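What follows is the residue order along each chain.
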Amino acid sequence: MRMATTTPATATETKQEFMTVREASTLVGMSPSSVRRVIYPILEKDTHPDRSLISPTVSEAKKLRIAGHNFAWKISKELLMRQMQSEKRTNATREKNDRKSSGDASIIDILQRELEIKNKQIEQQNDVIRGLSERVREGNILMASLQKHLALPAGNKANDDTLMTVTNEAVEQKTPKKAVQKKSFFGSLFGK
């Protein structure tokens, strides 16, 4: 049967209010393992700046181990409260960043949907442009074909005179005789 030994109050303990891991966990509403996670990194280095806030001191812990006594680590209320405030700030920052990142994620989703819509609109406009380009190409082909059919045949001067005569006769038939016989005002003044 193991007997629990108590350590005498040291000078450090009288200055600070120390409590066991269980007492500290009850006080702050944390699990005992969370309190131990605060203590153990400090215990790893004897020169840690917060080592004086853990009881027993380095020299007392060595003496107790050499003597074969069991002891419980105690944490000062000051260190516990400081760690709790630090953890609360860390949690608040983490929650804020989580909210911000979720807000950023929703903005990114909205922007991606808008980008997809714009890409679809651009593709539709490209389809319209391709269709219009095809219509212009077809129109150019038709115009070239029409120009070939209406082009004057290259030939001798007799053919050109015949064509000119036919064209003049067509113009004379369409022109009324009064308009041809009547002279313009200037033509009558200058004798033309």
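Please refer to the structure higher up on the page.
What you see is a predicted model; the values in this text were computed from it and never measured.

Trainee: What am I meant to see in the packing of aromatic side chains here?
Mentor: Remark: the centre distance and the inter-plane angle together describe each pair of aromatic rings, the angle taken between the planes. Per the stated rule, a full pass over the model turns up 1 aromatic pair. Their ring planes at 85° and their centres at 5.1 Å tell us that Phe 71 and Trp 73 sit as a pair that is edge-to-face. The exposure class assigned to Trp 73 is buried, which follows from its relative accessible area of 16%.

Trainee: Before we go on, may I ask you to explain the sheet that holds strand 3 (residues 74-76) in this structure?
Mentor: Strand pairing in a sheet is mediated by backbone hydrogen bonds. Such pairs are either parallel or antiparallel. Taken in spatial order, the 3 strands make up an open sheet running 1-3-2, and their pairing is antiparallel. Every interior strand has two partners, whereas the edge strands, strand 1 (18-20) and strand 2 (54-55), have only one. Note that strand 2 and strand 3 share 2 bridges and pair antiparallel. Bridge assignment links Ser 55 to a residue of strand 3, and that residue is Lys 74. Strands in contact with helix 2 (residues 21-28) are strand 1 and strand 3; relative to strand 1, the strand with the most contacts, it is inclined by about 95°. Across the sheet, helix 5 (residues 77-150) touches strand 1, strand 2 and strand 3, and the angle it forms with strand 3 is around 70°.

Trainee: Explain the environment of Tyr 40 here, please?
Mentor: Here Tyr 40 lies in helix 3 (residues 32-43). Residue class for Tyr 40 comes out partly exposed when judged on its relative accessible area of 41%. Each C-alpha atom, one on Tyr 40 and one on Ile 54, is 9.8 Å from the other, the two residues being 14 residues apart in sequence.

Rules and cut-offs
Residues numbered from 1 in each chain as written. Predicted model: local features only at pLDDT ≥ 70, side-chain atom pairs only at ≥ 80, totals over all residues. Heavy atoms only, no water. Phe/Tyr/Trp six-rings, centres within 6.5 Å; stacked < 30°, edge-to-face > 60°. Buried < 20%, exposed > 50% of the residue type's maximum accessible area, 1.4 Å probe, protein only. Pairing = 2+ DSSP bridges. Helix = DSSP H or I, 4+ residues; strand = E, 2+ residues; numbered from the N terminus. Contact = heavy atoms within 4.5 Å. Axes fitted to C-alpha atoms, helices over the stretch in contact; angles between N-to-C directions.

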